[in-house]
Amino acid sequence: MRKFLVIAAVVLAAGCTKEGDTIYLPDPNEEAASATPLVTVIYDVNALGDHSYNDLIYEGVERAAQEMGLRTMQLSPQTHEEGLQYLELMFRQMETAKDTVRRLFIVTSPSYDDFIRKNNKRLEANPYADLLYLETRTPLEGKGSTLFLTYYGAMYEGGRIEAALERVSVMLLGANRKTPSVTEALQGYSDGFEAGLKLLTEQQARQNHLTLSYLDERGESGFSVADSTALRLMWQWSNDDITSLVPVCGGASNTFARLNYFTRTALNIIGIDAYSDSYYSSYSIVKHIDRALARWIRQWLSDGAMPKHQTLGLKEGYTEVVMNPTFVFVIWTPPGYEGTIVPCLTEEMKQEMHEEAVRKEEEHER
């Protein structure tokens, strides 16, 4: 499937000369152009195949298309420049299109932010073309809608749970310091962890630790990592008595999870952006971007009245902490109940933490 996506994109771009003029070579045996609505998705560089956020987008769009009878084109560029070429071709074709085919373009990555904000008004000449831009809190000026799934509340809940467990040492790993969605997720988890520590005794709190680090300290990457680098880091963390890894770093998260399973370094790796049922994953913190996009496409297809901007999160059910049912949680005994065996995180405790996280997310959004 990945090969098909790249080939389809190349064929799409092949109809242009160096001067930018579109060449039409009609084939008398070719079927008439379809009038079925088309949804086109433009991803970040090599984003598909991350077993995480981007793959959820792919699956959500394809399910929605199958349900509603739509055509789709999903483009995963191999370079940033190639992604910009896809976008330029898209805008150029929509400026001059004479048909009435409804088209929705979904741009998944803030790496294209500058280009999108400088060019989105070009779509205003075509009443049948719409744009949805993900992962930004800032609405577009001119044509196009924005959608942001805030991770703060779900990450807060994850940190709050982790702090309640007995003798944990957490490595909170971000891709970089410059991607807002990453830094917000890290902040949410840190805030939840710190809130949880305050409910422990002083002696208990001293035995639970959180360390924050980045794969790319200076740049904007860090969403992929070589196996050799990942292995070196994992053995280092294991030697430093790290018990849990929370990797907020896109496809790199899958690399750590895959290697952890085979090397058995015994790190408890928290699943990020997609559910993990691994023996080494006690819970997952999930963005249901697939559900959000299915809802959005359904709304776009029915009446075309899409909100200018929308933020969805824990309260709306588009982010969630999913517990691994096979994992046994051992938590600190509450003060005053020393000597009582508390073998697991009860549903009542989990619900209280969830409600606290919803409140904290609402405060954060305000």
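It should be noted that the structure appears before, not after, this text.
I will try to describe carefully the structure that is included in this document. Everything quoted here is computed from the prediction, not taken from an experiment.

Details of the packing of aromatic side chains
What the rule picks out here adds up to three aromatic pairs. The interplanar angle of 40° and the centroid separation of 5.8 Å between the aromatic rings of phenylalanine 91 and phenylalanine 115 together place this pair among those described as tilted. Here phenylalanine 91 is found in helix 3 (residues 80–96), whereas its partner phenylalanine 115 is found in helix 4 (residues 113–119), with 24 residues between them in sequence. Residue classification places phenylalanine 91 among the buried positions, given a relative accessible area of 0%. We classify phenylalanine 115 as buried; its relative accessible area is 18%. On the basis of an interplanar angle of 35° and a centroid distance of 6.2 Å, the ring pair of tyrosine 152 and tyrosine 156 is categorised as tilted. Of this pair, tyrosine 152 and tyrosine 156 both sit in helix 5 (residues 152–164), four residues apart, which is roughly one turn of the helix. In this arrangement the basic side chain of lysine 287 is found over the ring face of tyrosine 151, its NZ or CZ atom lying 4.9 Å from the centre.

Re the sheet that holds strand 7 (residues 209–216)
Ordered by their spatial adjacency, four strands build an open sheet running 7-6-8-9, and the pairing between neighbours is parallel. Taken across any chain shown, the strands that pair with only one partner, and hence form the sheet edges, are strand 7 and strand 9 (268–269). The sheet contact formed by strand 6 (residues 169–176) and strand 7 spans seven bridges and is parallel. Residue pairing across strands places serine 169 opposite histidine 209, the latter belonging to strand 7.

Side note on the pairing of strand 11 (residues 283–287)
Most of strand 11 sits inside the fold, with five of its five residues counted as buried. The alternating pattern of strand 11 places Tyr283, Ile285 and Lys287 and Ser284 and Val286 on opposite faces, both of which are buried. Bridge count between strand 10 (residues 271–272) and strand 11: two bridges; the pairing is parallel. Within strand 11, the position partnered with glycine 271 by the bridge is serine 284. With five bridges connecting them, strand 11 and strand 13 (residues 319–323) associate as antiparallel partners. Residue pairing in the sheet places serine 284 in a bridge with valine 322 of strand 13.

Some details on helix 5
The first and last C-alpha atoms of helix 5 sit 19 Å apart over 13 residues, in line with the 18 Å expected at 1.5 Å per residue. Summarising burial for helix 5: 13 of the 13 residues are buried, a large majority.

Quick word on the sheet that holds strand 2 (residues 71–75)
The strands making up a sheet associate through backbone hydrogen bonding, with each pair oriented either parallel or antiparallel. If you walk across this open sheet you meet the six strands as 2-1-3-4-5-12, and the pairing is parallel. This sheet does not close on itself; its edge strands, each paired only once, are strand 2 and strand 12 (309–312). Here the average twist between neighbouring strands, direction ignored, is 15°. In the sheet, strand 5 (residues 145–149) pairs with strand 12 via four bridges, with the strands oriented parallel. The residue of strand 12 that forms the bridge with leucine 147 is glutamine 310. Lying over the sheet, helix 3 contacts strand 1 (38–42), strand 2, strand 3 (103–107) and strand 4 (129–134), oriented at roughly 155° with respect to strand 3. Sheet contacts for helix 10 (residues 289–302): strand 1, strand 3, strand 4, strand 5 and strand 12; angle to strand 5, the most-contacted strand, approximately 155°.

Rules and cut-offs
As a convention, each chain's residues are numbered from 1 in the sequence order in which they are written. In view of the model being predicted, local features appear only for residues whose pLDDT reaches at least 70, and side-chain atom pairs are presented and counted only at 80 or more, with totals across whole chains, interfaces and linings using the full set of residues. In computing side-chain properties, one takes all heavy atoms of the structure into account and sets aside hydrogens as well as water. Working definition: a ring pair exists when centres of Phe, Tyr or Trp rings (six-membered ring for Trp) sit within 6.5 Å. Plane angles under 30 degrees give stacked, over 60 give edge-to-face, the rest tilted. Secondary structure is summarised from DSSP: a helix means a run of H or I of at least four residues, a strand means a run of E of at least two, and numbering begins at the N terminus for each. Note on classification: 1.4 Å probe, protein chains only; a residue is buried when its accessible area is under 20% of the maximum for its type, exposed when over 50%, partly exposed between these limits. Any Lys NZ or Arg CZ that is within 6 Å of a ring centre and within 35 degrees of that ring's normal is treated as a charge sitting over the ring. A strand pair is defined by DSSP finding two or more bridges across the two strands. How far a helix is expected to stretch is found by multiplying one less than its residue total by 1.5 Å. What counts as an axis is a line fitted to C-alpha atoms, over the stretch in contact for a helix, and the angles between N-to-C directions run from 0 to 180 degrees. Whether two residues are in contact is decided by their heavy atoms, any of which lying within 4.5 Å being enough.

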